[in-house]
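# Structural overview for review
Each chain, written out:
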Amino acid sequence: KTAGRGQFAVFGKEMDTMLQQRRTLERELREALSSDTQIQVYYQPLYSARNAKITGVEALLRWRHPQHGWIAPDVFIPIAEDAGMIEALGERVLRQACLDSMSWPIETVAVNVSVVELRNPAYAMKVAKILLSIGMDPTRLELEVTESALTDSAGHCEHNIKALRALGITIALDDFGTGFSSLGRLQQLAVDRIKIDRCFVQGFGRSTNDEAIVRAIIDLAHAKGLRTTAEGVETTEQSDYLRGIGCDDLQGFLLSRPAPVKDIERLLRGSASH
Ligand code: C2E
Ligand code: CA
Ligand code: CA
Ligand code: CA
């Protein structure tokens with residue numbers, strides 16, 4: 001009995017420190033947002049599977065914490081979503097990505113959008129205003145949304161996606177295959193690109209099923225006129241297979257890791273001279 005109570009006390013104490021750490025991180029993220037050095041945008045190129053040219057880049061947020069060093073977006077994005085900071089963060093990365101990539105010889109710059117941002121009925125208008133203020137061609141912007149945006153019952157996400165596409169912005173469905181949509185749902189999706197989640201690519205050679213799934217996704221996407229990207233390409237075997245089955249673009253550590261502006265610009269200069 002005492003042991004039980006003891007355990008509970010320990011558990012309670014752990015919860016306490018967890019909550020405290022969380023509150024601290026939240027406060028520090030708020031501070032980071034108002035500093036201009038802690039939050040940075042890195043870019044990871046997407047390569048054409050056909051000719052190995054860079055077709056676009058994906059903007060990925062980075063937070064360099066003054067004491068803890070790099071904190072992963074998988075950690076701070078959910079905090080930003082819960083604490084009402086995702087809109088400011090989203091606006092920050094969108095502006096930065098458009099400005100950085102303005103003169104890059106690529107088709108599109110892709111920016112990740114949280115479903116929390118997409119649920120705001122004014123989101124598409126906000127994006128339109130930002131592009132206008134920067135002088136960015138909307139057809140050069142791609143927004144990456146997850147499947148959860150397509151099952152939002154209030155319909156705000158769907159409305160935003162329609163409005164964004166009407167402006168000429170393309171929409172990519174991120175992490176495809178990990179959510180609840182079935183292959184059948186691909187038929188009704190009003191998106192331009194499917195990004196096949198890296199868990200399928202990394203299952204190649206281990207589970208024959210993953211190869212069949214990816215082939216089916218690509219065939220169906222192409223039948224619907226959608227472009228396909230494979231994420232998380234780490235080996236030449238994976239990239240060869242994907243090229244063989246007609247995947248349009250490849251992204252992954254094998255080709256290039258996410259990198260800061262100066263590295264990407266060097267890479268783009270190199271690939272332009274080939
Ligand atoms: P994501 O959109 O699926 O981004 C791809 C993630 O996979 C990135 O992680 C990237 O660094 C990683 N990656 C790329 N190639 C490979 C590979 O070959 N192998 C492996 N193992 N990983 C690879 P990162 O940068 O840590 O971002 C994690 C997630 O955080 C993103 O997943 C996205 O959901 C979210 N995120 C990042 N930036 C933003 C942003 O600006 N806004 C929003 N809302 N979410 C963001
Ligand atoms: Ca993404
Ligand atoms: Ca993804
Ligand atoms: Ca993700």
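Data block above holds the structure.
Residues numbered from 1 in each chain as written. Chains lettered and ligands numbered in written order. Predicted model: local features only at pLDDT ≥ 70, side-chain atom pairs only at ≥ 80, totals over all residues. Heavy atoms only, no water.

## Brief notes about a nonpolar patch on the surface
The line we're drawing: Patches here: salt-bridge-free residues with over 30% relative accessible area, like charges joined within 9 Å, nonpolar side chains (Val, Leu, Ile, Met, Phe, Trp, Tyr) joined within 5 Å. Reported accessibility uses the Shrake-Rupley method at a 1.4 Å probe radius. Residues are deemed covered only where the shown protein chains occlude them. Within this document, salt bridges are pairs made up of a side-chain nitrogen of Lys or Arg and a carboxyl oxygen of Asp or Glu, the two lying within 4 Å of each other. Secondary structure elements are taken from DSSP: a helix is a run of H or I of four residues or more, a strand is a run of E of two residues or more, and numbering for both begins at the N terminus. Exposure classes here rest on a 1.4 Å probe applied to the protein chains alone. A residue is buried below 20% of its type maximum, exposed above 50%, and partly exposed in between.
A contiguous nonpolar surface patch, about 310 Å² in accessible area, is contributed by Phe11, Met15 and Met18. Summarising the element assignment, Met15 is placed in helix α1 (residues 2-34). Since its relative accessible area comes to 37%, Met15 is described here as partly exposed.

## Considering the packing of helix α3 (residues 86-101) against helix α5 (residues 123-134)
Our working rule: Geometry is summarised by axes, namely lines fitted to C-alpha atoms with helices restricted to the contacting stretch, and by angles between N-to-C directions that run from 0 to 180 degrees. A crossing counts as left-handed when the near helix is turned anticlockwise from the far one by less than a right angle, and as right-handed when that turn is clockwise. When checking whether two residues touch, look at their non-hydrogen atoms; a contact exists if any pair is within 4.5 Å. As a working rule, the residues Ala, Val, Leu, Ile, Met, Phe, Trp, Tyr, Cys and Pro are called nonpolar, Asp, Glu, Lys and Arg charged, and the rest polar, with Gly in that last group.
Look at α3 against α5: their axes get within 11 Å of each other, and the N-to-C directions meet at 35°. In the crossing of α3 with α5, the sense of the turn from one axis to the other is right-handed. Of the residues in α5, those touching α3 at Glu87, Glu91, Leu94, Arg95, Cys98 and Leu99 are Lys126, Val127, Ile130, Leu131, Ser133 and Ile134. Broken down by class, the residue content of the contact of α3 with α5 amounts to seven nonpolar, one polar and four charged.

## Some thoughts on the site of ligand 1
Using the following cut-off: Only heavy atoms are used to decide nearness, and a residue is near a molecule or strand if one of them lies within 4 Å of it. N or O atoms closer than or at 3.5 Å make up a polar contact, with two conditions inside protein: a donor-capable atom paired with an acceptor-capable one, and, for residues adjacent in sequence, both atoms drawn from side chains.
As a structural note, the neighbourhood of ligand 1 is formed by 23 residues, with Arg62, Asp174, Arg198, Glu234 and Phe253 the closest of them. In the model, a nitrogen atom of ligand 1 is placed 3.1 Å from a nitrogen or oxygen of the Leu61 main chain. Relative to its free-state accessible area of 800 Å², ligand 1 is covered by the protein chains to the extent of 84%. Here the shell around ligand 1 gets four residues from one element, more than from any other, and that element is strand β2 (residues 54-65).

## Some points on the side chain of Thr108
Turning to its location among the elements, Thr108 is positioned in strand β4 (residues 108-112). Judged by its relative accessible area of 13%, Thr108 falls in the buried class. Sequence-distant contacts of Thr108, defined by excluding residues within four places in its chain, comprise Thr55, Gly56, Val57, Thr139, Arg140, Glu142, Thr170 and Arg193.

## Considerations on the coordination of the calcium ion (ligand 2)
Around a metal, the ideal angle is 109.5 degrees if four donors adopt a tetrahedral arrangement and 90 or 180 degrees if six donors adopt an octahedral arrangement. Let me state the cut-off plainly: Coordinating N, O and S atoms are those within 2.8 Å of the metal (3.2 Å for Na, K and Ca), and as water is not part of the atoms, a site may appear to have fewer donors than expected.
Of the protein atoms, only Glu58 (OE), Asn112 (OD1), Glu144 (OE) and Asp174 (OD) coordinate the calcium ion (ligand 2), at distances of 2.1 to 2.3 Å. Within one chain, the residues donating to the calcium ion (ligand 2) are spaced in sequence as E-x53-N-x31-E-x29-D. Between the calcium ion (ligand 2) and the calcium ion (ligand 3), both coordinated by Asp174, there is a metal-metal distance of 3.9 Å. Linking Glu58 in strand β2 with Asp174 in strand β6 (residues 170-176), this pair joins segments that are 116 residues apart in sequence. Taken individually, Glu58 and Asp174 each receive the classification buried, so the pair is uniform in this respect.

## Structural notes on the packing of aromatic side chains
For clarity, the cut-off: Pairs were defined over the aromatic rings of Phe, Tyr and Trp, the Trp ring being its six-membered one, requiring ring centres within 6.5 Å. Orientation was assigned from the angle between planes: stacked under 30 degrees, edge-to-face over 60, tilted for the rest.
Considering all chains together, one arrives at four aromatic pairs under this definition. Centre to centre, the rings of Tyr43 and Trp104 are 5.1 Å apart; their planes meet at 85°, and the pair counts as edge-to-face. With Tyr43 in strand β1 (residues 39-48) and Trp104 in the loop between α3 and β4, this residue pair connects regions lying 61 residues apart in the sequence.

## Regarding unusual backbone geometry
Residue Ala52 is not a glycine yet carries a positive backbone phi of 65°. Under the relative-accessibility criterion, Ala52 is labelled exposed at 53%. One non-glycine residue, Asp175, lies in positive phi territory at about 55°. Tracing the sequence through the fold places Asp175 in strand β6. The partly exposed category is assigned to Asp175, whose relative accessible area is 26%.

## Considering the coordination of the calcium ion (ligand 3)
Ligation of the calcium ion (ligand 3) by protein atoms is provided by Asp174 (OD), Asp175 (OD), Glu231 (OE) and Glu231 (OE), these donors lying 2.0 to 2.7 Å from the ion. In terms of primary sequence, the donors binding the calcium ion (ligand 3) are separated according to D-D-x55-E.

## Re the nonpolar core
Selection rule: Put simply, a nonpolar core is a bunch of buried Ala, Val, Leu, Ile, Met, Phe, Trp, Tyr and Cys residues held in one set by side-chain atoms that sit within 4.5 Å of each other.
Ranked by internal contacts, the top residues of the largest apolar core, which has 73 residues, are Tyr43, Leu118, Leu141, Leu143, Leu164, Ile194 and Leu242. Beyond its immediate chain neighbours, meaning those up to four positions away, Leu141 contacts Leu94, Val109, Val111, Val127, Leu131, Met136, Ile169 and Thr170.

## Focus: the pairing of β6
Regular strands have side chains that alternate between both faces of the sheet. Definition in use: Strand pairing is assigned whenever DSSP identifies at least 2 bridges connecting the two strands. Clockwise travel from the first strand over the helix to the second, with the strands pointing away from the viewer, marks a crossover as right-handed.
Judged by how many residues are buried, β6 sits mostly within the fold: five of seven residues are covered. Pairing between strand β5 (residues 141-145) and β6: four bridges, direction parallel. Looking at β6, one finds that Glu144 is bridged to Ala172. With helix α6 (residues 156-166) bridging β5 and its parallel neighbour β6, the resulting β-α-β unit is right-handed. Taken together, the three bridges between β6 and strand β7 (residues 193-196) define a ladder with parallel strand orientation. Note on β7: the bridge partner recorded for Ala172 is Arg193.

Shape is all these values report; function is a separate question.
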